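# Breakdown of the fold
Now for the letters of each chain:
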Amino acid sequence: MFVLQFISKFLKVLRSGESPGLIAGGFTMGFLIGLSPFLTLQNVLILFIAILTKINLASLFFAIFIFSFVAFVFDPVFHNLGYYLLAQLDSLYPTWTTIFNMPVAPFTRFNNTVVMGSLLCGLLLAFPVYLFSRSGIVRYRENWAPKFENSKFVKAVKGSTLFKWYIRVRDLEW
Amino acid sequence: MRTKGIIGLLVVVAIIGAVFYFLSDKFIENTIEELATDMLGAQVEIDNLDFSLAGLSISMDRLQATNPNDTWKNLFETGRLAFDMEVAPLARKKINIKEVTVADIRLGTKRQTDGKLEKPKAAEEPGWFGDATAGLKKQVVEAPVLNLGILKKKVNVDSLLSAFDIQTLRKIDSARKDADATFNNWDKTLAEFRPQEDLAKIAKDIEALKAKKVSNASDLLSAAEKSRGIIATLNALKKDVAAKKKAATSDLRRVSTIFSEVDNWLADDFNSIKAKANIGEFSAQNIGTMLFGEVVVNPVLQWLGYINMGRKYMPIAQKFMASGKVEKPPRFAGQNIKFPLLNNQPEFLLENILVSAATNQDDTSHVLSLSGEMHGITSQPKVYGSPLTFALNADMPGSNSYNVSGELDHTGEEEIDRFRVTATGVRLGNIALPEKPYLPNRIAADTGNITATLGLVGDKLDVKIEFKANPVKFDFADAGPDNSSVFKMTRSVFDSIDELTFVAGISGSANNLSLKISSNIDAILAERIKGVVGESARLARSEIHKKLVQQIAPRKQAALTFVSKNKARITGELDRVEQSIDEQLQVVNTKLKEVEAEINNKKDQGVKDVKDKLKGLFKKKKN
């Protein structure tokens, strides 16, 4: 149910008149949060910024949900990359030592291999993800939305007992 | 800006803040109470703890720690306490408290409730403390009992010996069996070793060599070659015999050594019988341990318990740098890489505790002043870099004074812990002694002086306690097992003593501690005991020894004869073989020398012949 709600909301957002930039921004921020272990200072900051600004929150949470699974798959890659950066790249050792001695350092968990690996990957891919998602939203609205709405799959889903039951429960007056 | 978002965030922050505000005090109070209770092994309670987030300060109305040995009393109880925590270390989950001042501390106050733990503290893991406790308690328990009454009765030596399993006889039998097996083994080895056949063949070769006529150089060289071959064979044989002789000597020596222990076995049996009949020698050392063993060991174990707690919560080894890559950490867990902290601080640090208190402040002539300091209480001594030190003083003007100081140095590779206690003019009152026949069960003393030092380096313990009390009076529970002359004698000894002094020492590794206690009573009491019961005990001991020797001597003699006979036989056999080889070797060497001399003669004769022929040739040419 939770997953269906997510997908449904996200699709609604894609169809709505909201700016593609804000939706793509939310998606990118969600990508950054979802990729790394949640409880870090940088993730909390990103979330605060998203709440305080007009970034689309549905796309943010959708991206967190999706990229948490992606992160699970790529976890060993992040660990290896993080270990290389933190422990094997001697030239960065003084920098890490300086950061490690800063008062806020423990909250960022930058010295964790998975946090470091996923953060680096996230930062490197953030801009391409933003561009790709923004152009994807525009294209979806222009070309794919009507086709998708009329597709057999969507009709089958909408016609299913499960979906109808979900809609009934969702629209119940409490 | 999203107005709703800001409001939502503010609401969330406000709720978290409110929850923290209302629950933090109780949470911190419970956490500290649980931790301290676990450390002490009895209830530790805090009243009205207040945590202020603004200044990161903590205050409490009262802290009371139960005495684990008497749970209806407090070890200490404080008045209001307040201290501040350092802000920066908290970011790293480190608690750093600069100073706590305890201005109103009371010792041994009565509790409203029993401070006993509902769930008893889990048993300690086996380690040095367990070893030391078991070892010292065993020595106290095994201290001999002054059971002198038995000596009044005639000791029936025959029935005593018949009921006693004499170990020496068993050991002699076992040693004889072992010797028998060793001799059989050598008999078998010597039977399989047949150098006589080799020697006979060699003798034959030598005879042939002697008989052979040597007419030319070729014969000579052949004879020399043969001689050398015989010598090589003989040398190999000799080497083999020497090796066998060496092994035999070692085996036979072992057998002899076992039998040389017979007298020690007999002594052990004799001591066991004496202990069983309770007619052992009463040394001064025994008396000290009998009387004051428990009195000395119990406080020492209490101090060791504190050290054990210190070692548990202030461990020496700390590893900070990651030792290597963790290949497969759990998903999303990763591996934390540690970097050096430029201004590293321990996880928990209470730098200074200052204690000052005074009792009966209305009457300054009878005020007991208490003051003390404790520095460097930390969970990571190596990071902090300095040992925990403490010094506590309590004194009343013109009366008693106490001084306890020490240090727990866990900053190096090995723990070094030291305690020093000095108490002068201590009002002792009644000191309970363990219930033992013929001995007092209580000392009533006026005042006393105590000096004690305790050092524990790794698991090596060194304790020295000096005690002096004056005047003292010894109380006896009743008239003793009987109102005998022995009892009257021991009582008269204790009645004559007005001052008690003793020196106790405990030293050695935790698993092998030696407890020694000597007091001014020891020598007097030992002398008097010897005087009263010495003669009858001596006679009984002498008879036991005589009968024991009578039983053991024949079997010992038979075993020794058996060993000596077989030993001589095997050694003689090997000597004979060795001698025979030496003789043959001598003969061959002589023959070899003869052959070599012959070769040299022949060589000289040949050279002379050539010279003569050359001279003859020159003469013919001249003519």
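None of the values given here were measured: they were computed from a predicted structure.

## Some remarks on the overall build of chain B
Broken down by element type, chain B carries 11 helices and 17 strands. The 623 residues of chain B split such that 37% are buried. Put simply, of all contacts in chain B between residues at least 6 apart along the chain, 68% involve residues at least 24 apart. As displayed, chain B offers around 35600 Å² of accessible surface, 55% of which is attributable to carbon and sulfur atoms.

## A few points about the pattern of salt bridges
Residues and elements named next belong to chain B. Under the defined criterion, the tally for this structure stands at 23 salt bridges over all chains. For lysine 382, the salt bridge goes to glutamate 413, with nearest N and O atoms at 3.4 Å. With lysine 382 in helix 9 (residues 381-384) and glutamate 413 in the loop between strand 12 (401-409) and strand 13 (416-432), this pair connects stretches of sequence that are 31 residues apart. Overall, lysine 382 belongs to the partly exposed group, its relative accessible area being 39%. Two residues, glutamate 466 and lysine 464, come together in a salt bridge whose shortest N-O distance is 3.4 Å.

## A few points about helix 4 (residues 57-88) of chain A
Residue and element names in this part refer to chain A. For helix 4, spanning 32 residues, the distance from its first C-alpha to its last is only 38 Å, which falls clearly below the expected 46 Å at 1.5 Å a residue. The largest bend along helix 4 reaches roughly 65 degrees and is located at phenylalanine 74, with the proline proline 76 sitting one to four residues downstream. The N-cap of helix 4, judged by a side-chain oxygen 3.2 Å from the amide nitrogen of alanine 58 a few residues on, is asparagine 56.

## Here's the deal with unusual backbone geometry
In this chain, Asn470(B) is followed by Pro471(B) through a cis amide linkage whose omega measures -10 degrees. Inspection of the secondary structure assignment puts Pro471(B) in strand 15 (residues 460-475). Not every positive phi belongs to a glycine, and Arg109(A) is a case in point at roughly 55 degrees. As for its position among the elements, Arg109(A) is in the loop between helix 6 (105-108) and helix 7 (113-149).

## Some points on the interface of chain A and chain B
Contact with chain A, which involves 35 residues of that partner, is made by 26 residues of chain B. For the pair chain A and chain B, the summed buried area comes to about 2700 Å², and 62% of that belongs to carbon and sulfur atoms. Looking at the side of chain A facing chain B, the largest losses of area belong to Leu52(A), Tyr83(A) and Phe100(A), adding up to 22% of the total buried there. At the boundary of chain A and chain B, one finds zero salt bridges. Where chain A meets chain B, there are six residue pairs in polar contact (both at pLDDT 80 or more). Elements represented by at least two residues in the side of chain A that touches chain B include exactly helix 3 (41-52), helix 4, helix 5 (93-100), helix 6 and helix 7 of chain A. Ranked by the residues each element gives to the side of chain A that touches chain B, the list is headed by helix 4 of chain A, at 12 residues.

## Examining a nonpolar patch on the surface
Residue and element names in this part refer to chain B. Together, Ile7, Val11, Ile15, Val19, Tyr21, Phe22 and Leu23 give the surface a local cluster of nonpolar side chains, amounting to about 760 Å² of exposed area. With respect to the helices and strands, valine 19 occurs in helix 1 (residues 3-40). Among the residues examined, valine 19 registers a relative accessible area of 45% and is labelled partly exposed.

## Quick notes on the sheet that holds strand 1 (residues 44-47) of chain B
Residue and element names in this part refer to chain B. With antiparallel pairing, four strands are arranged side by side in an open sheet as 1-4-5-8. This sheet does not close on itself; its edge strands, each paired only once, are strand 1 and strand 8 (105-107). Strand after strand, the sheet turns through a mean of 25 degrees between neighbouring axes, direction not considered.

## Comments concerning helix 1 of chain B
Residues and elements named next belong to chain B. Along its 38 residues, helix 1 runs 54 Å from first to last C-alpha, staying within 8% of the 56 Å computed at 1.5 Å per residue. Of the residues making up helix 1, those classed as buried are Gly5, Leu9, Ser24, Asp25, Ile28, Glu29, Glu33, Thr37 and Leu40. Immediately downstream of helix 1, the backbone of glycine 41 shows phi near 85 degrees, a positive value.

## Remarks on the packing of helix 2 (residues 20-35) of chain A against helix 7 of chain A
Residue and element names in this part refer to chain A. Packing of helix 2 against helix 7 brings their axes to within 8 Å, and their N-to-C directions diverge by 150 degrees. Between helix 2 and helix 7, the crossing angle belongs to the class labelled roughly antiparallel. Along this stretch, helix 2 crosses helix 7, giving a crossing that reads as right-handed. Here Pro20, Gly21, Ile23, Ala24, Gly25, Phe27, Thr28, Phe31, Leu32 and Leu35 of helix 2 come into contact with helix 7, specifically with Ser118, Gly122, Leu123, Leu125, Ala126, Val129, Tyr130, Ser133, Arg134, Ile137, Val138 and Arg141. Taken together, the residues of the contact of helix 2 with helix 7 break down into 14 nonpolar, six polar and two charged.

## Quick notes on the pairing of strand 5 (residues 70-78) of chain B
Residues and elements named next belong to chain B. Note that strand 4 (residues 62-67) and strand 5 share four bridges and pair antiparallel. Pairing of asparagine 67 across the sheet is with aspartate 70, part of strand 5. With antiparallel pairing between neighbouring strands as the criterion, strand 4 and strand 5 make up a hairpin whose turn holds two residues. Both strand 5 and strand 8 contribute to a ladder of three bridges, which runs antiparallel. Bridging from a neighbouring strand, threonine 78 pairs with isoleucine 105 of strand 8.

## Re the side chain of Ser59(B)
All names here are of chain B. Its place among the elements puts serine 59 in strand 3 (residues 57-60). Separated by 3.3 Å, the side chains of serine 59 and arginine 80 make a polar contact. In contact with serine 59, not counting residues within four places along its chain, are Asn48, Leu49, Asp50, Arg80, Leu81 and Ala82.

## What about the environment of Leu513(B)?
Residues and elements named next belong to chain B. Turning to its location among the elements, leucine 513 is positioned in strand 17 (residues 512-519). Here the alpha-carbon distance between leucine 513 and glycine 135, two residues 378 residues apart in the chain, equals 6.5 Å. Contacts of leucine 513, omitting those with residues within four sequence positions, involve Ala132, Leu136, Gln139, Leu461, Ile506, Ser507 and Gly508.

## As for the pairing of strand 9 (residues 348-358) of chain B
Residue and element names in this part refer to chain B. Both strand 7 (residues 95-102) and strand 9 contribute to a ladder of seven bridges, which runs parallel. Bridge assignment links valine 102 to a residue of strand 9, and that residue is valine 355. In this sheet, strand 10 (residues 369-378) lies alongside strand 9 in antiparallel orientation, the contact comprising nine bridges. Opposite leucine 350, over in strand 10, you have isoleucine 377 as the bridge partner.

How each quantity is defined
Residues numbered from 1 in each chain as written. Chains lettered and ligands numbered in written order. Predicted model: local features only at pLDDT ≥ 70, side-chain atom pairs only at ≥ 80, totals over all residues. Heavy atoms only, no water. Helix = DSSP H or I, 4+ residues; strand = E, 2+ residues; numbered from the N terminus. Buried < 20%, exposed > 50% of the residue type's maximum accessible area, 1.4 Å probe, protein only. Contact = heavy atoms within 4.5 Å. Areas by Shrake-Rupley, 256 points an atom, 1.4 Å probe, with all protein chains shown as cover. Salt bridge = Lys/Arg side-chain N within 4 Å of Asp/Glu carboxyl O. Expected span 1.5 Å × (residues − 1). Bend = angle between axes of the 7 residues up to and from the residue. Polar contact = N/O pair within 3.5 Å; in protein donor to acceptor, adjacent residues only side chain to side chain. Buried area = accessible area lost by both parts, 1.4 Å probe. Patch = residues over 30% accessible without salt bridge, like charges linked within 9 Å, V, L, I, M, F, W, Y side chains within 5 Å. Pairing = 2+ DSSP bridges. Axes fitted to C-alpha atoms, helices over the stretch in contact; angles between N-to-C directions. Parallel < 35°, antiparallel > 145°, perpendicular 65-115°, else oblique. Left-handed = near helix turned anticlockwise from the far one by under 90°. Nonpolar A, V, L, I, M, F, W, Y, C, P; charged D, E, K, R; others polar.

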